[in-house]
Amino acid sequence: MKRNKTKSMIPSILFMLCVVFSLGLTGCGSSSGDEKWEVVVYNWGEYLDPDTLDLFEEETGIHVIYDEFDTNEAMFPKVEAGAASYDVICPSDYMIQKMIDHDLLAEIDFENIPNIKNIGQQYLEQSREFDPENKYSVPYCFGTVGILYNKSMVEGPVDSWSILWDETYADNILMQDSVRDAFMTALKLNGCSMNTLDEGELEAAKNSLIDQKPLVQAYVIDQVRDKMIGGEAAIGVIYSGEAIYTQRENPDLEYVIPKEGTNVWIDSWVIPKNAPNKENAEAFINFMCREDIALKNFEYITYSTPNIAAQELIEDEEIKNSDIAFPDLTQYDNLETFHYLGAEGDELYNNLWKEVKSQ
Amino acid sequence: MIKNTAKKLYLSLILIFLYAPILVLILYSFNASRTRAKWGGFTFKWYGKLFKNQEILGALFNTLFIALVSSVTAAVIGTIACIAIMNLKKRPRAVILGITNIPMLNADIVTGISLMLLFISMGIKFGLGTILLSHITFCIPYVILSVMPRMKQLNPHIYEAALDLGAGPVYGFFKVVFPEIFPGVLSGFLMAFTMSLDDFIITHFTKGAGIDTLSTKIYTEVKKGIKPEMYALSTLIFLTVLILLLLVNQQPGGNKSPSGKNISEKGV
């Protein structure tokens with residue numbers, strides 16, 4: 001008799017737990033309150049001055065919910081699945097193209113973004129590579145990829161990707177440990193497009209990279225910065241945004257855009273199709289394009305801003321006129337931006353890269 | 001003699017491999033320069049900045065809150081599940097135990113994505129609630145894993161005797177069964193706590209906008225380089241754990257497991 005009683009109690013305890021939990025959940029859900037005055041922003045980590053969020057809230061009364069991601073690839077599945085509905089996202093060039101391809105983005109109503117006038121024409125022109133009609137994106141940060149070298153360890157001015165294949169610097173070269181960036185250097189050296197899908201060109205690039213492998217000290221991403229500052233390597237492939245910071249820490253370092261051309265990357269604001277607060281999103285983008293706000297963000301993250309009005313406001317003359325921070329893109333005719341190559345293209349590159357790494 | 005030095009060498013090698021990374025991290029938390037390539041002088045400024053950084057402190061609070069709530073809930077649910085599993089016949093028991101083991105062997109990313117898809121299809125709003133639900137889900141098997149052996153050792157006749165002597169089932173459970181299985185529940189709870197504290201990938205897929213735990217917060221800093229404040233925080237967490245361990249080990253009275261008690265009594 002008594003044993004039966006215990007048995008019958010267990011389901012009821014479980015049931016009670018379920019009830020308590022579902023109550024707790026609905027409590028969490030309803031606390032979001034009035035959705036009208038929110039904007040949900042999904043940005044790179046450390047990619048915005050937190051003060052500007054406070055200013056935006058003060059001026060517009062729109063509450064900002066701020067969320068961060070670490071890579072384009074980590075962001076994409078969350079947005080595609082619709083896990084959390086974001087209003088504004090800041091992906092990179094090729095990822096924006098992929099999101100357009102997957103029909104995830106909404107057209108931006110530029111009537112609501114008068115501050116677009118602050119964004120330089122050359123940057124909008126460059127954006128056409130991934131957003132052909134400038135309908136979906138507003139540039140936020142940009143930069144180039146180039147060679148960082150230590151003047152005390154490398155002779156003469158460097159101006160070509162070929163220095164990465166120079167045997168004098170064996171074991172003193174740092175390469176980027178990412179498929180597209182690594183292939184970009186080889187493809188550009190061979191005079192090809194970095195978005196090529198031509199198997200012959202890619203095969204040649206692969207062989208170049210295999211030839212280079214014995215000379216490379218390490219394939220790294222973040223460590224290029226610290227290793228170059230510490231003088232642990234003579235030459236490294238690096239993003240221009242890091243170059244100014246490394247120069248400040250070690251004046252011997254020099255950054256150069258090779259004459260064969262390079263990758264111009266652009267991170268832009270976009271609005272996903274399922275954004276619940278599209279107008280607030282546009283207000284947010286407009287605010288981010290205001291010159292004083294863009295300046296604040298530039299000073300915080302030190303990546304180049306495409307905001308011409310903000311560039312004018314920079315007080316430090318050296319940075320204002322720096323060719324590293326603000327290269328004249330129109331001066332080069334061989335700059336490219338990464339395209340989304342489709343699933344097959346990605347696989348082709350990845351397989352070749354595996355061959356390089358496993359050699 | 002040689003055997004002894006070899007023993008000591010082996011032990012110290014193990015300790016060096018375990019603790020060298022932590023020591024390096026502690027060292028960098030006092031480095032005035034932001035880059036790891038340069039020693040900019042000794043400073044406490046990252047500790048000061050840490051306590052002013054609301055985002056990091058918020059993430060720390062979330063992490064601890066989620067770990068505590070999910071491990072306590074998982075301990076309760078897991079223990080109840082064990083009682084039920086014990087009352088099953090042999091075959092269904094083996095089947096159920098197998099089923100509860102699968103989620104532990106499953107890759108985290110599979111668990112994470114499938115939980116995300118489940119929540120989407122159920123229309124649950126992503127936020128603290130979804131993180132808690134998924135943490136409880138992946139913690140339960142660990143509790144069952146550590147409570148089950150204790151349950152099996154239990155002499156079922158003691159509980160029956162308690163009932164015969166007039167105890168109600170609940171009273172009987174808490175007076176007779178629970179003290180016996182308590183060490184198992186405790187270690188299950190602790191295991192769940194650390195699993196929840198550590199988790200990144202499941203949290204990443206099930207969190208909503210604007211809520212971060214320490215691990216997701218640190219991951220987002222990868223692009224721009226991890227802030228030295230994080231080194232400071234990690235140092236503090238390490239020291240807290242160290243001090244806690246020292247305190248626990250100092251007073252043998254703190255060890256409440258029945259077996260431990262017996263040993264100390266015998267010693268006296």
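Residues numbered from 1 in each chain as written. Chains lettered and ligands numbered in written order. Predicted model: local features only at pLDDT ≥ 70, side-chain atom pairs only at ≥ 80, totals over all residues.

Chemist: If you had to explain the overall build of chain A to someone new, which residues and values would you point to?
Modeler: Helix and strand content of chain A: 14 helices and 9 strands. A total of 359 residues make up chain A; the buried ones form 39% of that total. Taking as baseline every contact in chain A between residues at least 6 positions apart, the subset at least 24 positions apart corresponds to 77%. (Helix = DSSP H or I, 4+ residues; strand = E, 2+ residues; numbered from the N terminus. Buried ≥ 20, exposed ≤ 12 C-beta atoms within 10 Å, placed from the backbone. Contact = placed C-beta atoms within 7 Å.)

Chemist: How would you sum up the confidence of the model for chain B? Please name residues and give values.
Modeler: All names here are of chain B. Averaged over every residue, the pLDDT of chain B is 87; residues scoring 70 or more account for 93%. Considering each helix and strand of chain B separately, the mean pLDDT is smallest for helix H12 (residues 258–267), with a value of 41, and largest for helix H6 (residues 128–153), with 94. In the predicted complex, the global pTM is 0.81; the interface-specific ipTM is 0.75. (pLDDT = per-residue confidence, 0-100.)

Chemist: Quick rundown of the nonpolar core? Include the residues and the values.
Modeler: In this structure, A:Val88, A:Phe284 and B:Val143 are the most contacted members of the largest nonpolar core, which totals 85 residues. The biggest single contributor to this core is H6(B), with 11 residues. Among residues more than four places away in sequence, those in contact with A:Phe284 are A:Val39, A:Val41, A:Phe56 and A:Val88. Counting 38 residues, the second-largest nonpolar core is a separate cluster that includes A:Leu164, A:Tyr169, A:Ala186 and A:Tyr255. (Core = buried A, V, L, I, M, F, W, Y, C linked by C-beta atoms within 7 Å.)

Chemist: Can you explain the interface of chain B and chain A? Please cite residues and give values.
Modeler: Opposite the 31 residues of chain B that make contact, chain A presents 38 residues. For the side of chain B that touches chain A, the elements supplying multiple residues, two or more each, are helix H3 (54–86), helix H5 (108–122), H6 and helix H10 (214–220) of chain B. Of the residues forming the side of chain B that touches chain A, the biggest block, 4 residues, is contributed by H3(B). In terms of residue class, the side of chain B that touches chain A is made up of 16 nonpolar, 9 polar and 6 charged. (Nonpolar A, V, L, I, M, F, W, Y, C, P; charged D, E, K, R; others polar.)

Chemist: Go over helix H1 (residues 2–28) of chain B, please, and point to the residues and values.
Modeler: Spanning 27 residues, H1(B) covers 37 Å between terminal C-alpha atoms, matching the ideal 39 Å at 1.5 Å per step. The largest bend along H1(B) measures about 40° and falls at B:Tyr19, with the proline B:Pro21 one to four residues further on. (Expected span 1.5 Å × (residues − 1). Bend = angle between axes of the 7 residues up to and from the residue.)

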